[in-house]
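Each chain, written out:
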Amino acid sequence: MRSLVLIGHGSHLNGESASAVYRYAEMIRARGLYDEVVEGYWKEEPSLRQVLKTTASTDVTVIPMFISEGYFTETVIPREMGLGHQGPVPPEGVARVLGGRTVRYTLPYGVHPSMSQVILARAHEALPDASPEDTALIVLGHGTTRNENSNKIVYQNAGVLRQTGQFAEVHALFLDEDPKVGTWPELVKAPRVVVVPFFASEGWHTLETIPEDMGLEGPVTTFADNPHGEQTVYYAKPVGTHSAVADVILHLAEEAAGASTSDGDTERAHDAAWTTFMDRAREGLRFGEVMVQPQSGMFELRHALDEGRPGHELQTLVTPEGVRDQTRRDEGGHHRPVHTLRNMPRGWRAVLDEGDLMRAVQYLYPAVIEETYAHTCHTLRPTPWATTARRQTGIYARVQKATPAQVEEVAADVCSGCLRTRLWAGDKLPQTFFSGVPGAIPCAEACTFLVAEVREEVAGKRGGGSGH
Ligand code: SF4
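Criteria and cut-off values
Residues numbered from 1 in each chain as written. Predicted model: local features only at pLDDT ≥ 70, side-chain atom pairs only at ≥ 80, totals over all residues. Heavy atoms only, no water. Helix = DSSP H or I, 4+ residues; strand = E, 2+ residues; numbered from the N terminus. Rg over C-alpha atoms; globule rule 2.2 N^0.38 Å. Buried < 20%, exposed > 50% of the residue type's maximum accessible area, 1.4 Å probe, protein only. Contact = heavy atoms within 4.5 Å. 1 Å grid on protein atoms, 1.4 Å probe; cavity = no way out; pocket = protein on both sides within 12 Å on 5 of 7 lines; lining within 4 Å. Points joined across faces, edges and corners; volume = space filled by probe spheres on them. Domains from an automatic or database assignment. Nonpolar A, V, L, I, M, F, W, Y, C, P; charged D, E, K, R; others polar. Near = heavy atom within 4 Å. Buried area = accessible area lost by both parts, 1.4 Å probe. Salt bridge = Lys/Arg side-chain N within 4 Å of Asp/Glu carboxyl O. Polar contact = N/O pair within 3.5 Å; in protein donor to acceptor, adjacent residues only side chain to side chain. Core = buried A, V, L, I, M, F, W, Y, C linked by side-chain atoms within 4.5 Å.

A.B. asks: Mind showing me how you'd approach the overall build of the chain here?
C.D. replies: Secondary structure assignment for the chain yields 14 helices and 17 strands. Taken over the C-alpha trace, the chain has a radius of gyration of 24 Å; the compact-globule value for 468 residues is 23 Å, and the two agree within 12%. In terms of its C-alpha atoms, the chain occupies a principal-axis envelope of roughly 75 × 50 × 50 Å. When burial is assessed residue by residue, the chain has 56% of its 468 residues classed as buried. Taking contacts inside the chain between residues at least 6 apart in sequence as the whole, the part at least 24 apart equals 72%.

A.B. asks: Mind showing me how you'd approach empty space enclosed by the protein here?
C.D. replies: Vacant regions in the atomic arrangement are exposed by a probe of water-molecule size rolled over the atoms. Here the structure, examined in full by the defined rule, presents one cavity of 30 Å³ or more. Of the volumes computed, that of the largest cavity is approximately 60 Å³. In terms of lining, the largest cavity is formed by Gly15, Tyr22, Glu44, Thr327, Arg328, His335, Arg336 and His339. Each of domain 1 (3-111 + 244-267) and domain 3 (269-366) gives at least three residues to the lining of the largest cavity.

A.B. asks: Sorry, what's going on with the layout of surface pockets here?
C.D. replies: Its volume calculated, the largest pocket comes out at about 1,500 Å³. His9, Phe66, Ile67, Phe72 and Ala200 are the residues nearest the centre of the largest pocket, which is lined by 50 residues in total. Of all the secondary-structure elements, those providing two or more residues to the lining of the largest pocket are helix 1 (19-31), helix 2 (71-80), helix 4 (148-163) and helix 6 (204-214). Take the lining of the largest pocket: its biggest share by element is five residues, from helix 1. Split by residue class, the lining of the largest pocket holds 20 nonpolar, 24 polar and six charged.

A.B. asks: Could you clarify how one ought to interpret the site of the ligand in this entry?
C.D. replies: Neighbouring the ligand are Val414, Cys415, Cys418, Arg420, Arg422, Trp424, Cys443, Ala446, Cys447 and Leu450. Residues belonging to the shell around the ligand are distributed by class as follows: eight nonpolar, no polar and two charged.

A.B. asks: Can you help me understand the domain arrangement of the chain in this one?
C.D. replies: A common way to express how large an interface is: the accessible area buried when the components associate. Here the chain is partitioned into domain 1 (3-111 + 244-267), domain 2 (115-241), domain 3 (269-366) and domain 4 (381-458). Listed per partner, the contact involves 14 residues of domain 1 and 14 residues of domain 2. Carbon and sulfur atoms supply 60% of the area buried between domain 1 and domain 2, which totals about 1,000 Å² over both sides. Counting the contacts that link domain 1 with domain 2 gives zero salt bridges. Where domain 1 packs against domain 2, one counts two residue pairs in polar contact (both at pLDDT 80 or more). Listing elements by their share of the side of domain 1 that touches domain 2, those giving two or more residues are helix 1, helix 2 and helix 7 (245-257).

A.B. asks: Is there a simple way to explain the nonpolar core in this structure?
C.D. replies: Soluble globular proteins tend to pack their nonpolar side chains together in the buried interior. In this structure, Leu6, Leu137 and Ile249 are the most contacted members of the largest nonpolar core, which totals 86 residues. Ranked by residues supplied to this core, first place goes to helix 7 with seven residues. The residues touching Leu6, leaving out its near neighbours within four places in the chain, are Val21, Tyr24, Ala25, Val37, Val38, Glu39, Gly40, Ile63, Met65 and Ile249. Counting residues in hydrophobic clusters, the runner-up holds 29 residues, among them Leu301, Leu352, Tyr365 and Ile369.

A.B. asks: How should the environment of Gly355 be read in this particular structure?
C.D. replies: For Gly355, the location among the structural elements is in helix 10 (residues 354-364). Residue Gly355 is classed as partly exposed on the basis of its relative accessible area, which comes to 39%. Spatially, the C-alpha atom of Gly355 lies 29 Å from that of His334, the residues being 21 residues apart in sequence.

Have a look at this one:
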């Protein structure tokens, strides 16, 4: 049995931030090469602290879904996942045995050599008849003084593509460092220019900053008075959203597995948690804000406050992804980065078989089944606030300055809207939904949403209200 884990950044504010990772997870899942494809996030759930617990096998490959190496791939992800590694990841990745699981952590997909093929594919989409006679290629990176690796990979890809001889010129240009993108008219001589943003996703930079800096008016723009004569620019979509990235991810995962031919086993604690959950689900179970009922060999899942409402009054969902998308926002349309906040929208029901029920519950309440079951077995170890705070780096390091009173004040506000009980603050949870109390779910460690709110408090930027 093998598990593949895709790690994204996620966002506390933007509900679309995780979409690219969802999409690649779905594409790879559909190929059936792994027993499961799991997603984890820095700022959403399951969090980096929780995600390994949600994997069903003892053989886990973790791929950072980032375009370049840097702070997240070298510091935040290994630290939060407890990989016992900090700093640059070697080409062969990092392998660790953690709690009975063999975990392989790879380089981010963006640095894999086959990304040059994705750049090429994007270039040919924008300009199918690109030719070495008259076409220049610009590989456009972000570049930053903080992360020297992010430009290295852009230069490498430009070098590889230059060698193919498919373009008259190949340039590496950047938004935030020299040579800057705005200098292209002086540098590029060819009459046709295809620009491929080496970016993870479509966003502010690809939609606004780059076109503005280059003077573009759309996917195709002709400049009549450039220093080298008339030039037409063909603007491609970012590499990170190309479907071929799924192949890059699979290459990385296979390379990380190396010569290992043996698959892992079923992870025992995970299996016990879900076996217990399914046993209860077959009897009808309420947990969190939802209820599950067996129904003619299938299961019906709905918001507990919709109990008794006729099915035709509710939107019927038939896939785990449908449940995920229906519950990503609250009824006011706001993103729900913490799924145990009491703001799940009503008005839907899902009819699912056993396997899909489990996946739907993983989307609804990531890591809740595993952590609650561990709590009932007395194996869930709380992490006190001081330990969580000490671990923070970068912009979050300032939470170490928060006084206990400040932490308590923010937590009293934020966590009062959450189903979870703060074991990390010393609160007790004698019962759980497994013993018939639907809202009883443990919180073993302050979530990143709370950490971010404490940071705002320390900075004096936190206004009134719960922040959710
Ligand atoms: Fe919920 Fe608070 Fe725990 Fe975050 S820290 S999961 S808001 S109880």
